[in-house]
Every structure is written in C-alpha cells, then in structure tokens.
Amino acid sequence: MTLLSAVAFCKRHLGDDSEEARKGRIILSSLLLGGAAVKTSMTIYSRYLMYSLRKSKVEQASNSKNELISIVKQPNEDTERITNLSIMELVEKLQNEELKPEMVLAAYQAKALDVDKQLNCVTEPVTGARNDARHLDATDKAKGPMYGIPISIKDNIALKGYDCTKGLSMNINHPMPNDCVLVEVLKKQGAIPFMKTNIPQTLMSYQCSNPIFGRTKNLYKSDYSPGGSSGGEAALISAGGSIIGIGTDIGGSIRIPAHMSGICGIKSSVYRLSLKGNDEGWKKYALFCPATGFLSRDMDGIILAMRSVLVPMMFELDPNTVPLPFNEEMFSSKQSLRIGYYTYDGFIHATPACERAVLIAKEALERKGHKLVPWTPPRVEHAYDLIMNGYFGDGAKTLFTGLENDKIDAKLAPSYYLMKMIPEKLRSYMGYIVGLFSPKLGKILRTGLDASTVHDWWLISKDRMNFVEEVLNHWSDNRLDAVICPGFAVPAVPYGLTITFLCAYTALYNLLDFPAGTVPVTRVSAQDIEQLATKYSTPDFVHKQLKKLCEDTEGLPVGVQVVSTRWKEELCLRLMKEIEDDLKSQ
C-alpha cells in the first residue's frame, strides 16, 4: 500500500475498526514517522557536512597563514620602513628599482599576518603571490603604473583557484576558474594580489562576521565593527597591512567600512568598472547591481587604482563596461564648482560627529574656492522603501538561498528568522500594528512585502526610474555639480543590533547609481558625545537606539561622503582629494 492510497483508505475508514482499517492506519503512521526520520537524518547530515566544510576551510586557511609566517617571519624594521611609505613613495621606489617587488611583498605579507592576529581580517593568503613578484623582478618589460604594488582582495572578488564564500558554507571548495576582469587588468598593470579578506555572511550587512572565518575587529575599538561588507579590507588597510584593496558596494559596502575605519573608499557607477568574472549572485538583483571600487589609506591610492583600470584593456575584456578612459581634464580642473551639502536627509538624524564632519568638509571646499549651498535629496524615506524592495522584494528568498542547513551568523539571525520563519501575512499584520506606534519598526517588519507579484515588481521598477529622474531634476534645478553629506548616520557601531535605516545615507546613491566616495575628516570628540546626550533628536524608538549605540564612540574616525552624477567618478576623486589636501595643510 502506497502512502497516498493509505491516506485515502484512512480517510474512508477513519472510524472503521476492521482489521484492514487498523493495518492502513498503522502503515500510514509508519510512513509518516519514517518520512520524518529520513528528513531529520538528512538535515542532520547536511548540517554536519556544512560544519565539516567550515572546519576544513579554517584549517586550510590557518595552515596557509602559518606556512607563510615561517617564510616571511615577524615584522621588523624593514617591514615598518616599507609599509610606512606612502603609495606615491612606494611607486617611485619600485619604478626606479630602489625596492624590488619581492621585498615589498614580503614586508606587506609580514605586516598583514601580524595585523590579522589582532583584527581577524584576512581569510587566506594568496600562495602564488611570491611567484608573481619574482616574475615581475625577472622581466625587463616596461613597468606598469602599479608595478610591484601588493593589493588585497575582498572575499567575493574572483581570484583564480580561490573560493568566493560570501560567508556561506555551501560555497567552500568551489574555487573560481579564472581571475575576474578587474583583477586581470590590475595584474597586467603590475599589481600583486596577496591577501583575501573577510566579509559578513551573505554580504548584506554593515557588520563583518560569518560562521566560517569569524568576526573582524575595528582597529580603534576591538568590540566594534570595521564596517561591511568590505570590512576585512577596511580593517587590514586601516592597520597598515595593505595599501590598496578591491571592494564591492551594493548599499554602502565600500563607503561604510571606509567611514568606520578611517580610510578612503569609492564606488563607481555600475559598469564604469568591470563586474565580469565575479561570483554571479549579484545578477539576481534587477534593481540593484553592485558597483566595484577601491579602498586605500589615502586618496593617492584610490586615484592610482582608478587610473590603472580605466584603460582599453578593461573595455576590451568586458564590453559591458562604458568605454570611458580616466578623464584627466575633469580630475585636474581648477574650475570653481557649485556643491550641495546636507547633514540631515529628512529621514534619519545623523549624530553630531557625522554632522560636524560635513561642516568641516564644507569649509575645506570653500577654502578651495567652491560655492557650497544647502541641499536635501527629495523623499529619502520613499527611496528607502524602494531600496528595501530592491534587496528583499522576493521575501529574501534569493538572499537566503543556501542558508537552510548552514550555521546562521548571529548578526544575520534577526533578519533571517524575521523574513524566513514568520509567514508573510502574519508579518504584514504585525507590521501594521507595530507601525501604529513606531512607523520605522513597522517598516522593518514589512520589509520586502510590497513586491509579491510580477506586476508589483514592474511598478517598483517604474517608481525607481521616476525617482532617479526626480532627483536629477532637483539636482539640475539647484545647478549642482556635486554633493557632500554624512558618510553614515553614525560612527562605527558595536557588534549587536543592526539597524537597516542607517544605510539610507549610502544606499540612496546605489539606488540612483551615482558614483560616491568617502574620505576621513575627523574623530568623534568629547563635545560630540556631550551634544549627543543633550541635543540629538530622538523622535522614535529607532533614534533612541542609535543614541545608545554612539554613547561610547569618542575617538572613532568619521568620514564624509562625496557624490557626483553618473560617469563622473573623476569629479568625485577631485573633490575628495581637495578635502584631504586641505585638511592635511591645516
């Protein structure tokens, strides 16, 4: 008797006390229990398999680090001498052969591994880096602009022979077959990939932890996040273990870590820099593609990297990229610009330190001869709704693919269980009730519920295009060339509660697909903390939580965000460099 026939039989004979009916009920019970046992066994096996994969990956990475430590030894005077050089000093010494690529690589390997012991930012070393450096040493060909420069690479950037885990166990032991185009171009220009760096699970977080490699620490406060998702990059660079790193940014994933870790970072317009050859998970997001970009300890590193990749080779290898070489005229122009600025976006109040950073940058740009005018982007709360539907419009099914039997990182767990385990109708009802008392919490509970049909999705897509046009018109009406604003609503935050609203300051420019960069401006002062306690507006539960997150942030770095319109990355770079130069001269 099959399961279906047993069920049908029992339905007909539920109250029947005959021998045949009793047998049918026994068979059905046995099949149901057996099915449950099989499913439970498969779940246990899958979870054990995930655990085994994580364990083997950690052991492999640890062995690679220990093997490299035995070769490069501990940091010494040469290590510090080399890693303390500015990027332009390093370029000059490599180009005139005062330093050799292998010597520079060894110094950065030693420094990175030493930093990693403190911050847990490196996932694994690139074992072929020494051969790459030796090959550069041995060749007599013309030296590329990044000749001998070691570069670190975010976990999800494709490097031949290495996993792109995204913090998911299912991606372990699936090495990428080739370098992505961006890495290929950088190698051709003389760069040497030497370390892969940590990320948050699924990448969709401004924290930086996952069940494979653990939690990355902030250089300035060890129990705080360095930002995410390019958190490992930011931590390694801020501590001197790398000089230039490659990142990706779908909601602030380059700019937030730069802000929280006190370094520079820029995301390009989508397709200004190549995405080809990377893990293809990003292709599932129709409204949002991640942008690639760079992080560095100062603007010269960012500028060098951008000049090095905006070349014909990249356009030929990836025809999807817009064939716009680096615009030296736009970057080098001394023309006075009209720049908008805001410290509050009308949705989330930035903390005093983040507001003050904007005013510092405003004064720096005014000293450079620019006209600064107040400006606020329109309808940021509406933009936030579009952003959340763009990320989670399918109820986060895409985002959470592969997590069913994996270990869920503690920072991801609240979002995972909210969207995965609570039925959508119940969540919608909960969001409505909670929204009566706290509209922002109601929004969190309803995340991703406005795109339940294809028709809804098309309407959201149309709404997004209309919003982009609205902002461009508002930008044009105010005759703006660029905008400066908070790099984030808060400085670095302690590991714990993740509040998605904070990303509105950065994700807005992913929605618009505007190039945007973050440059460090100041540190949180005692006066900022005092103003936080006495003047910071807390109109709702969310702002009360933000205030608590920032009570112990004195001394943390604070950046400012610089934004231009699409394809004008060089304008962003120019203004970021002008802010940096002015503040260094004060």
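You'll find the structure just up there.
For the structure given in this document, a descriptive report is provided here.

What counts as what
- Residues numbered from 1 in each chain as written.
- Predicted model: local features only at pLDDT ≥ 70, side-chain atom pairs only at ≥ 80, totals over all residues.
- Heavy atoms only, no water.
- Core = buried A, V, L, I, M, F, W, Y, C linked by side-chain atoms within 4.5 Å.
- Buried < 20%, exposed > 50% of the residue type's maximum accessible area, 1.4 Å probe, protein only.
- Helix = DSSP H or I, 4+ residues; strand = E, 2+ residues; numbered from the N terminus.
- Pairing = 2+ DSSP bridges.
- Axes fitted to C-alpha atoms, helices over the stretch in contact; angles between N-to-C directions.
- Contact = heavy atoms within 4.5 Å.
- Salt bridge = Lys/Arg side-chain N within 4 Å of Asp/Glu carboxyl O.

1. Some remarks on the nonpolar core
As a rule of thumb, nonpolar side chains are buried together in soluble globular proteins. Counting 160 residues, the largest nonpolar core has Leu90, Ile149, Ile244, Phe294, Ile484 and Tyr509 as its most contacted members. When residues in this core are grouped by element, the largest group, 9 residues, is from helix α5 (residues 101–119).

2. A look at the sheet that holds strand β1 (residues 122–125)
Two pairing modes exist for strands in a sheet, parallel and antiparallel, and in both the strands are linked by backbone hydrogen bonds. Strand order across the open sheet formed by 11 strands is β1-β3-β2-β6-β8-β7-β12-β13-β11-β9-β10, with mixed pairing between neighbours. Both edges of this open sheet fall to β1 and β10 (371–374), since each of them pairs with a single strand only. Here the average twist between neighbouring strands, direction ignored, is 30 degrees. Pairing geometry for strand β11 (residues 482–486) and strand β13 (residues 557–563), over 4 bridges, is antiparallel. Bridging from a neighbouring strand, Val483 pairs with Val563 of β13.

3. Structural notes on the environment of Leu497
Assignment of secondary structure puts Leu497 in the loop between β11 and α19 (504–511). The spatial distance from the C-alpha of Leu497 to the C-alpha of Leu549 is 8.8 Å, given a sequence separation of 52 residues. Sequence-distant contacts of Leu497, that is, excluding residues within four places in its chain, are made with Tyr206, Gln207 and Gln545.

4. Quick word on the pattern of salt bridges
Tallying each qualifying case throughout the model produces 32 salt bridges. Close ionic contact of Lys443 with Glu381 constitutes a salt bridge, the shortest N to O distance being 3.5 Å. You can see Lys443 sitting in helix α17 (residues 439–445) and its partner Glu381 sitting in helix α14 (residues 380–392), a full 62 residues away along the chain. Ionic pairing is found between Glu424 and Lys397, a salt bridge with its closest N-O pair at 3.8 Å. Residue Glu424 is found in helix α16 (residues 424–437), and its partner Lys397 is found in the loop between α14 and α15 (413–421); the two are separated by 27 residues along the sequence. One connected set of salt bridges, linked through shared partners, spans Asp300, Lys577, Glu580, Asp581 and Lys584.

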